[in-house]
Amino acid sequence: MTTGLSAADGEDIEAPGRGFHSSLAGADAPAWGWARGLSTRRLGFPSWTGIWRGLRDEVAAQADRAFLWTPVAFGVGAALYLGVHTEPPLWPCVVAAAVAIAGAVAVGRWGRTRTLAILASLVAVMVCGFCAGKLRTDIAAAPIVPAGIGVVPMDGWVVDVATPSEHGERLLIAPTWIAGLSPARTPKRVRIVVKPGDVLGPGSPIHVMALLDPPPGPAAPGAYDFARDAWFDGLGGVGVALKPPQIIDLEPPPWRLQLGMAVNSLRWSLAQHLASDLHSLMGDHDGGAVGLAVTVTTSHEDWLDPQSRDDLRGSGLAHMLAIAGLHTAAVSGFVFFALRLLVAAWPWLALRVNGKKVAAIGGLIAVLIYLTLSGAHPPARRAAITASVAFLAILFDRRAVSLHSLAIAALGIMLIEPEVVISPGFEMSFCATASLVALAEIWPMRHRAADLPWYLAALQTARDWTVGMLMVSFVAGAATTPFSIQHFNRIANYGMFANLTADILAAMVLMPALTLGILLQALGADHAVIAPFLAVAGVAARGIVAIGHLFSNLPGAKLSISSAPTIALIVSYLGIVFACLWRGRLRWIGVPLSCAVAFWPRPAPPVAWIASDGGDAALVVAGKAVALKPTGHAYAIETWAQRRGFDLPSDPAKAQAAIADCNRLHCAPIGPAKPAIAAWWTRRKPKPDALGDLCKGADILILKADVAPPDACKQALLLGPTDFAKGGAAEVFPGGGTGHGAGWRLVWSQPLRGERPWVR
């Protein structure tokens, strides 16, 4: 304790500062300018005036960060457009945008406060985001195959080999002719599933007999809408090839299509050669390394086995399968630092050029090349724009990694594709990046002693790196958790530890080794020179898959959580953004708001589900979703169960046999499960007696055939082809009115989608 008196002679010690009178020492006590008297007075609450002054000061401090809110306002406008129930006309959107811009200019010129001018500008940007969404929808308009087109012959060009499905490989085709459709009604692209041995590479002219359908809507009310994404991708139909595709002669396609197929052919050839080389180095038992290495290089998942894919997803490493920020940053960052090191190692060159800017140019070139090799899918495009903004900032002597550069990247992406604002990939990647940049802003910078022994300095460095990496993994994981819950309904409990190890291995070893190996191969190097780099990449890929397997199979590795209402996701989204962009103590308000998805009360779940075509149904029995046709709409049932937080039975056939007597024609309810659902699965009309037997004890009757039910079915709720064509998939809830099927209430998917161009 400092007394203010000299221990030697008891004299006062003079110190600078304003003196004060100590009440404890008495009236004659000396005034010590640097000491304080002991006070036991309780601190009072701040006055309303103080609170208002603090809020005003914090709001004023945001003026220099106004631009950071521009992409937020633009995204809000685009999200509002995508969320409206009825498609708005274009001209009111354009007029509203013009009026909002004029108003913002007027307020900025004649307004009294800067805050009001900023708010007016953000409102104008929001209206422009709404207008941009409408323009994007109209520009993306393309024909869609009609419902019920059935099995048709088709000619076209193989544009790309898409991500495989559970039933086979997928081919993306640019059709030139589809039987029964005029050229004006022929879609730009269709995607079909073929058997693994029937894959033909990009650029192949083919004839195929396929069962086609328009892109399907949500598997359940409020679930993921594939048809909406297909609209913006120009995908007008999906289907299954009934016979192997055959090579034919076709007229030369347009030059843009030729260029795209040439690039995809190069990617497919690179994927085949890379898989072959890695197989020769690692053998057949590669532990999933070959598939992962090919995936992160070309985005082709055709060599990745299902078990490795499930392990990566279950451990929180699903981002490894989508070429995005991690991969682009690793490749371009490696090129950047390698070029900067090479320039610095050549003194003659280092004295004549700016090594940092030369490296930035090399990084930009690496971004463009990797974007091309990866197929330029939406996550890769977003990552490429973000990395390009960072390298351009270096070239123009600006800070490369900052919230401003991130805002520019986000705004650039949404200007091109406004629909990404509701994409899980966009939400997760930009919220994670923004949270890390915000963490860097508040992270304390410590200065080490210059004369510290090397072993102590090494320990401090190891400590700082460990703490830093743990914080990076924790913050990024926390920023993406709300979207993981809402869109994928799962939390990888060990995801932070899995990412902490796997991301370092991918960024430091896998991607640099693949970059060097492919670069040497492009330069025509001998296989003996390339092999060591590919071997290192293979070992790193095997390690990443092993990490995924380890953390996905630990006890309690995965936690399933049902989706929250949409308003909860909006609150979490804005909470994360507010915590990242706001300057001042109020930013911490965003932290509890970001947890809204996790803690928002869930409404009572449904008790049954019915497929959009009436071809399947499922009941909830003891918390498990039991399908009436276990081998039917497996993906749709899994999607619905996952979204609602239900488990699937380990033996689906046994679980189904306990609640219904089913065959390929019909299902009759047995047992106490409610609602009791009876179904006629075929379009062939049944005999009245057959329907009468099905209706005994049934609460709901599903009919795919267009037939009037007999009097014996009057007590059941009848659902026929017209109902499914109009309503889509349905969820069944307890409660309802009087009449047929009293006691049960249905919620349909189509009314929730509204009247939009992608809704059929």
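For the structure, see preceding data.
Everything numeric here is computed off the predicted structure, so don't read it as measured data.

A. Expanded view of the overall build of the chain. Helices and strands together make up the secondary structure of the chain, namely 25 helices and 18 strands. If you line up the chain on its principal axes, its C-alpha atoms span 115 × 75 × 60 Å. Split into buried and exposed, the 760 residues of the chain put 45% on the buried side. Taking contacts inside the chain between residues at least 6 apart in sequence as the whole, the part at least 24 apart equals 66%.

B. Geometry of the sheet that holds strand β17 (residues 730–734). The strand order across the open sheet formed by 5 strands is β11-β10-β9-β17-β18, and the pairing between neighbours is antiparallel. The sheet is open, and its two borders are formed by β11 (624–627) and β18 (744–748), each paired with just one other strand. Across the sheet, the mean angle from the axis of one strand to that of its neighbour is 25°, orientation sign disregarded. Judged from the 5 bridges that link them, β17 and β18 form a sheet pairing that is antiparallel. Bridge pairing in β18 places Val-732 opposite Leu-746.

C. Examining the state of the cysteines more closely. Counted according to the given criterion, the structure contains 1 disulfide. Cys-131 carries a free sulfur, and the closest cysteine sulfur to it, the one in Cys-93, is 5.5 Å from it. Among the residues examined, Cys-131 registers a relative accessible area of 8% and is labelled buried.

D. Expanded view of the packing of helix α7 (residues 289–298) against helix α17 (residues 527–552). Direction vectors running N to C along α7 and α17 enclose 105°, while the axes themselves pass 8 Å from each other. Between α7 and α17, the crossing angle belongs to the class labelled roughly perpendicular. Contacts from Ala-289, Leu-292 and Ala-293 in α7 reach Gly-538, Ala-541, Arg-542, Ile-544 and Val-545 in α17. Of the residues in the contact of α7 with α17, the class split is 6 nonpolar, 1 polar and 1 charged.

E. Structural context of the packing of helix α14 (residues 424–442) against helix α18 (residues 566–581). Closest axis-to-axis distance for the α14/α18 pair is 9 Å, and the angle between their directions is 25°. Here α14 is positioned roughly parallel relative to α18, judged by the angle of their axes. Crossing of α14 against α18: the hand is left-handed. The segment α14 lies against α18, with Phe-426, Glu-427, Cys-431, Ala-434, Ser-435 and Ala-438 engaging Tyr-573, Ile-576 and Cys-580.

F. Representation of helix α6 (residues 255–282) within the structure. Between its first and last C-alpha, α6 extends 40 Å over 28 residues, near the 40 Å set by a 1.5 Å rise per residue. Of all the residues in α6, the buried ones are Leu-257, Met-261, Asn-264, Arg-267, Trp-268, Leu-270, Ala-271, Leu-274, Ala-275, Asp-277, Leu-278 and Met-282. The first or second residue beyond α6 is Gly-283, which carries a positive phi of 80°.

G. The arrangement of helix α13 (residues 403–416) in detail. Taking 1.5 Å of rise per residue, 14 residues should cover 20 Å, and α13 covers 20 Å from first to last C-alpha, within 8% of that figure. Looking only at α13, the buried set comprises Leu-403, Ser-405, Leu-406, Ala-407, Ala-409, Ala-410, Leu-411, Ile-413 and Met-414. Those residues of α13 hidden inside the fold are in contact with α2 (70–83), α12 (378–395), α14 and α18.

H. Broad picture of the environment of Trp-582. Its location among the elements puts Trp-582 in the loop between α18 and α19 (590–594). What makes Trp-582 buried here is its relative accessible area of 13%. Measuring from C-alpha to C-alpha, the distance between Trp-582 and Arg-65 comes to 8.0 Å, with 517 residues separating the pair along the chain. In contact with Trp-582, not counting residues within four places along its chain, are Glu-58, Val-59, Gln-62, Arg-65, Trp-69 and Arg-587.

I. Region of interest: the sheet that holds strand β13 (residues 666–669). Sheet architecture is open: 5 strands sit in the order β12-β13-β14-β15-β16, paired in mixed fashion. Single-partner strands in this sheet number two, and they are β12 (660–662) and β16 (717–719). On average, each strand axis in the sheet is inclined to that of its neighbour by 15°, with strand direction left out of account. In this sheet, strand β15 (residues 700–703) lies alongside strand β14 (residues 677–680) in parallel orientation, the contact comprising 4 bridges. The residue bridging Ala-678 from the neighbouring strand is Leu-701, located in β15.

J. Geometry of the pairing of strand β2 (residues 168–178). Relative to β2, strand β1 (residues 150–165) is paired through 9 bridges, and the arrangement is antiparallel. Residue pairing for β2: Asp-160 is matched across the bridge by Leu-172. Connecting β1 to the antiparallel partner β2 that follows it, the hairpin turn spans 2 residues. Taken together, the 5 bridges between β2 and strand β3 (residues 189–194) define a ladder with antiparallel strand orientation. If you follow Glu-169 over to β3, its bridge partner there is Val-194.

K. Structural view of the packing of aromatic side chains. Summed over the entire model, instances satisfying the criterion amount to 14 aromatic pairs. Each ring, one from Phe-336 and one from Phe-391, has its centre 5.8 Å from the other, and the planes form 35°; the classification is tilted. Of this pair, Phe-336 sits in helix α9 (residues 325–345) while Phe-391 sits in helix α12; the two residues are 55 residues apart in sequence, bridging distant segments of the chain. Here the two residues Phe-336 and Phe-391 agree in accessibility, since each one is buried. Just above the ring of Tyr-81 sits the side chain of Arg-756; from NZ or CZ to the centre is 4.7 Å.

L. Representation of the nonpolar core within the structure. Core analysis: the largest hydrophobic core is formed by 50 residues, its most contacted members being Trp-69, Phe-426, Phe-430 and Leu-581. Mapped by element, the contributors of at least two residues to this core are α2, α4 (114–139), α5 (226–233), α13, α14, α15 (454–488) and α18. Excluding its chain neighbours within four sequence positions, the residues that come into contact with Phe-430 are Arg-382, Thr-386, Leu-406, Ala-409, Ala-410 and Ile-413. Within the second largest apolar cluster, 49 residues are counted, among which are Met-282, Leu-304, Ala-360 and Ala-506.

M. Spatial organisation of the pattern of salt bridges. Counted under the stated rule, the structure contains 13 salt bridges. With a shortest N-O distance of 3.2 Å, Arg-267 and Asp-160 are connected by a salt bridge. Here Arg-267 is found in helix α6, whereas its partner Asp-160 is found in strand β1, with 107 residues between them in sequence. You can call Arg-267 buried: its relative accessible area is 1%. Asp-160 sits in the buried class, given a relative accessible area of 8%. The salt bridge involving Arg-753 is made with Asp-225; its shortest N-O contact spans 3.0 Å. Highlighted residues: Arg-753 in helix α25 (residues 749–753) and Asp-225 in the loop between β4 (205–213) and α5, separated in sequence by 528 residues.

Scoring rules and cut-offs
- Residues numbered from 1 in each chain as written.
- Predicted model: local features only at pLDDT ≥ 70, side-chain atom pairs only at ≥ 80, totals over all residues.
- Heavy atoms only, no water.
- Helix = DSSP H or I, 4+ residues; strand = E, 2+ residues; numbered from the N terminus.
- Buried < 20%, exposed > 50% of the residue type's maximum accessible area, 1.4 Å probe, protein only.
- Contact = heavy atoms within 4.5 Å.
- Pairing = 2+ DSSP bridges.
- Axes fitted to C-alpha atoms, helices over the stretch in contact; angles between N-to-C directions.
- Disulfide = S-S within 2.5 Å.
- Parallel < 35°, antiparallel > 145°, perpendicular 65-115°, else oblique.
- Nonpolar A, V, L, I, M, F, W, Y, C, P; charged D, E, K, R; others polar.
- Left-handed = near helix turned anticlockwise from the far one by under 90°.
- Expected span 1.5 Å × (residues − 1).
- Phe/Tyr/Trp six-rings, centres within 6.5 Å; stacked < 30°, edge-to-face > 60°.
- Lys NZ or Arg CZ within 6 Å of the ring centre and 35° of its normal.
- Core = buried A, V, L, I, M, F, W, Y, C linked by side-chain atoms within 4.5 Å.
- Salt bridge = Lys/Arg side-chain N within 4 Å of Asp/Glu carboxyl O.

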